[in-house]
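Listed below are the residues making up each chain.
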Amino acid sequence: MSAALDNLHEAVSAVDAVWADADGPDAFERTDLLSLNATLATARHALEALQAEVAAGIAHESRSELGADSLAKQNGYRNAAALIATTTSAFTREASQLVKVGQAAAPRTNLVGERLPAKYPAVAYALDAGNLSAAALAMIVEFLDRIRIGHGDALVAELEQVLVERAVGLSLDEVRRMIKHAEAVVEEDKLEEREQQRRERRTLSMFERDGNLHVNLITPVEEGAAIRAAIDGYVSAQFQARRDAEQSSSPDDPDALDADRRTVAMMRADAIALFCEHVLGCESSNVPVSGATVIVRVDADDLQTGTGHGTIDGIDQPISIAAIRRMAAAGGVIPCVLDGEGEILDWGRERRLFTRPQKLSLVERDGGCARCGLPPHMTKAHHIEWWKRDQGATDLANGILLCESCHHRIHDNGWEIRIDNPPGAGTRRRRGTGFNVKAKVWFIPPAHVDPARTPQLGGRARYDIAA
């Protein structure tokens, strides 16, 4: 862990230098804050690497065959994870992750004492170099351990390299999503069996406490997709109604006191009550929802042969072909079969707004908001080359899915968008290049954010190893 120790020393020195020139957090310039944030992340990763090495050592000295001589038991703890969790004020799971990562990255010896490489060399390198957090590496190690049985060492090694490389720059949520997609590719034959196991564990419990009804629902994603779509649709409609009301009223309006101030969680609870009242014969037959449709995506050949897998827009867990076929027969579900005949997807300058079929196609490339990853129903299709300023066409090749917040941040702060341009490319996207769902989206920061203007990967390619 020599690199980790060097990184820690350098990071601490850099932080100390910046802090010495400031009177406090309020005195930092914006560039200082960004620099400190990146440097502290480096320090944290380096510290975690050292902690993982120590945790592996504690686990080795606390192995069960040592009995009463176990380091953990001698200090009054059940195992190494309990000792580490207590002394570091961490959750037991966090301590277990440090042990797992440390053991995966530690050098090994065979039965005759010969030195062997780490169990997962790519993980060991990323940990020592500070490329990834211990939590991200723990998720990768747990996945690799899970698939080792039944798969060759060559496949596991290839997956390790791909996952470690692709995880750099991703949030933990995106790493988890990437692993789900990797698992679906590697173990497609087990998807249906696991779905059946989840179906057998579905449950809904209800009880009263403190004047409230508590409802706890656990259901497979393919069945819960309709529930989520309906509730999210209701919430979207309520937010739209709130915006409309705010735009049409003034601050002095006495009705402003009655404005909708519900949280998202409150709206979701109201949605459940409203839907149940509707089913019981409520006089109002108009349930206000927005975009409450479940979109299921599958390759045409996979659907025909019964192999492969598919996805549900806005849900991370891939699903089997059998589950897709069941869902296709349900109401409110749109099966989006790729490579099949479809509607006109390029409109040029004939219309300004992107159509729903166009948005469904963009989801295949972008996965949701191409920048932050919000689910598709929280995004809109926007022109890369602006409709008015650039005379941009309403074609798929000129479209991108962005949430409202990312859309404004990109336009207001001078970011640029490139499709399939390699890092460092500075040419504009050529018109008429066509639309490719495997294309990659790149966000180019302005010079005041990154003087080198290094492209940042967006869209589905961030987490889908098949993209």
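Residues numbered from 1 in each chain as written. Predicted model: local features only at pLDDT ≥ 70, side-chain atom pairs only at ≥ 80, totals over all residues. Heavy atoms only, no water.

**Overview of the overall build of the protein chain**
We apply this condition: Every helix listed is a DSSP run of H or I at least four residues long, and every strand listed is a run of E at least two residues long, numbered separately from the N terminus. Summary of the burial criterion: residues with accessible area below 20% of their type's maximum are buried, those above 50% are exposed, and those between are partly exposed, where the area comes from a 1.4 Å probe applied to protein chains only. Note that accessible areas follow from Shrake-Rupley with a 1.4 Å probe, and for residues the cover is restricted to the protein chains shown.
Counting its regular elements, the protein chain contains 16 helices and 13 strands. Expressed as a percentage of the 467 residues in the protein chain, the buried residues total 39%. Surface accessibility of the protein chain: about 26800 Å² in total, with carbon and sulfur atoms responsible for 52%.

**Examining the confidence of the model for the protein chain**
Worth spelling out the cut-off: The pLDDT score gives, residue by residue, the confidence of the prediction method on a 0 to 100 scale. Two residues qualify as a contact provided that any one of their heavy atoms is within 4.5 Å of a heavy atom in the partner residue.
Predicted confidence across the protein chain gives a mean pLDDT of 84, with 87% of residues reaching 70 or more. Segment residues 422-433: pLDDT under 50, and 18 contacts once partners within four positions in sequence are set aside and those in other chains are kept.

**Describing the environment of Trp415**
Mapped onto the secondary structure, Trp415 falls in the loop between helix H16 (404-412) and strand S11 (416-419). When its relative accessible area of 17% is taken as the criterion, Trp415 is described as buried. Not counting the four nearest positions on each side in its chain, Trp415 is found in contact with Arg371, Arg409, Ile410, Phe443, Ile444, Pro445, Pro446, Val449 and Gln456.

**Focus: a nonpolar patch on the surface**
For clarity, the cut-off: Patch definition: residues with relative accessible area over 30% and no salt bridge; like charges joined within 9 Å; nonpolar side chains (Val, Leu, Ile, Met, Phe, Trp, Tyr) joined within 5 Å. Criterion for a salt bridge: a side-chain nitrogen of Lys or Arg within 4 Å of a carboxyl oxygen of Asp or Glu.
Taken together, the side chains of Leu204, Met206, Leu213, Val215, Leu217, Ile227 and Ile272 present a nonpolar region at the surface, about 650 Å² in accessible area. Sort the elements by how many residues they give to the nonpolar patch and strand S4 (residues 212-218) lands first, with three residues. For Ile272, the location among the structural elements is in helix H12 (residues 264-279). For Ile272, a relative accessible area of 40% corresponds to the partly exposed category.

**Details of unusual backbone geometry**
A positive phi angle is found at Gln391, which is not glycine, with a value near 60°. Tracing the backbone through its elements, the reader meets Gln391 in the loop between strand S9 (380-383) and strand S10 (399-402). Gln391 sits in the partly exposed class, given a relative accessible area of 45%. Here the phi dihedral of Arg453 falls at roughly 50°; this positive angle occurs in a residue that is not glycine.

**Side note on the sheet that holds strand S13 (residues 456-458)**
Cut-off, in case you're wondering: The pairing criterion is simple: DSSP has to find at least two bridges between the two strands. The angle between two axes is taken between their N-to-C directions and runs from 0 to 180 degrees, where each axis is a line fitted to C-alpha atoms and a helix contributes only its stretch in contact.
Spatially, the three strands line up as an open sheet ordered S11-S12-S13, and their pairing is antiparallel. With partners counted over all chains shown, the strands left at the sheet margins are S11 and S13, one partner each. In this sheet, neighbouring strand axes are inclined to one another by 35° on average, regardless of whether the strands run parallel or antiparallel. The sheet contact formed by S11 and strand S12 (residues 441-444) spans four bridges and is antiparallel. Bridged to Glu416 within S12 is Ile444.

**Here's the deal with the packing of aromatic side chains**
Using the following cut-off: When the centres of two rings from Phe, Tyr and Trp lie within 6.5 Å, Trp using its six-membered ring, the rings pair. Their planes under 30 degrees apart give stacked, over 60 give edge-to-face, and anything left gives tilted. We count a charge as sitting over a ring when the NZ of a lysine or the CZ of an arginine lies within 6 Å of the ring centre and within 35 degrees of the ring normal.
Taken as a whole and judged by the stated rule, the model has two aromatic pairs. Ring centres 6.3 Å apart and planes at 85° place the aromatic pair Tyr234 and Phe275 in the edge-to-face group. Taken together, the residues Tyr234 in helix H11 (residues 221-248) and Phe275 in helix H12 connect sequence positions 41 residues apart. Positioned over the ring face of Tyr463 is Arg177, at 4.6 Å from the centre of the ring. Geometry around Phe443 places Arg371 over its ring, the cationic atom sitting 5.3 Å from the centre.

**Topic: the pattern of salt bridges**
As enumerated under the stated definition, the model contains 22 salt bridges in all. In this structure, Glu404 and Lys380 form a salt bridge, with 4.0 Å as the shortest nitrogen-oxygen distance. Of this pair, Glu404 sits in helix H16 while Lys380 sits in strand S9, placing them 24 residues apart in sequence. With relative accessibility at 38%, the residue Glu404 sits in the partly exposed group. Salt bridges linked by common partners bring Arg146, Glu183, Glu187, Lys190 and Arg194 together as one network.

**Notes on the state of the cysteines**
Rules: A pair of cysteine sulfur atoms is labelled a disulfide when the two atoms are within 2.5 Å.
For the structure on display, the rule yields zero disulfides. Distance from the sulfur of Cys372, which forms no disulfide, to the nearest cysteine sulfur (Cys369) is 3.6 Å. The class for Cys372 is partly exposed, based on a relative accessible area of 35%. Residue Cys403 stays outside any disulfide, its sulfur separated by 3.6 Å from that of Cys406, the closest cysteine.

**Re the nonpolar core**
As a reminder of what qualifies: The definition of a nonpolar core used throughout is a set of buried Ala, Val, Leu, Ile, Met, Phe, Trp, Tyr and Cys residues joined through side-chain atoms within 4.5 Å.
Ile84, Ile140, Phe143 and Val175 are the most contacted members of the largest nonpolar core, which has 53 residues in total. Top element by residues in this core is helix H7 (residues 134-147). It accounts for 10 residues. Among residues more than four places away in sequence, those in contact with Ile140 are Val123, Leu163, Val164, Ala167 and Ile179. The next biggest cluster of nonpolar side chains, apart from the first, holds 14 residues, and it includes Ile384, Ile400, Ala439 and Val441.

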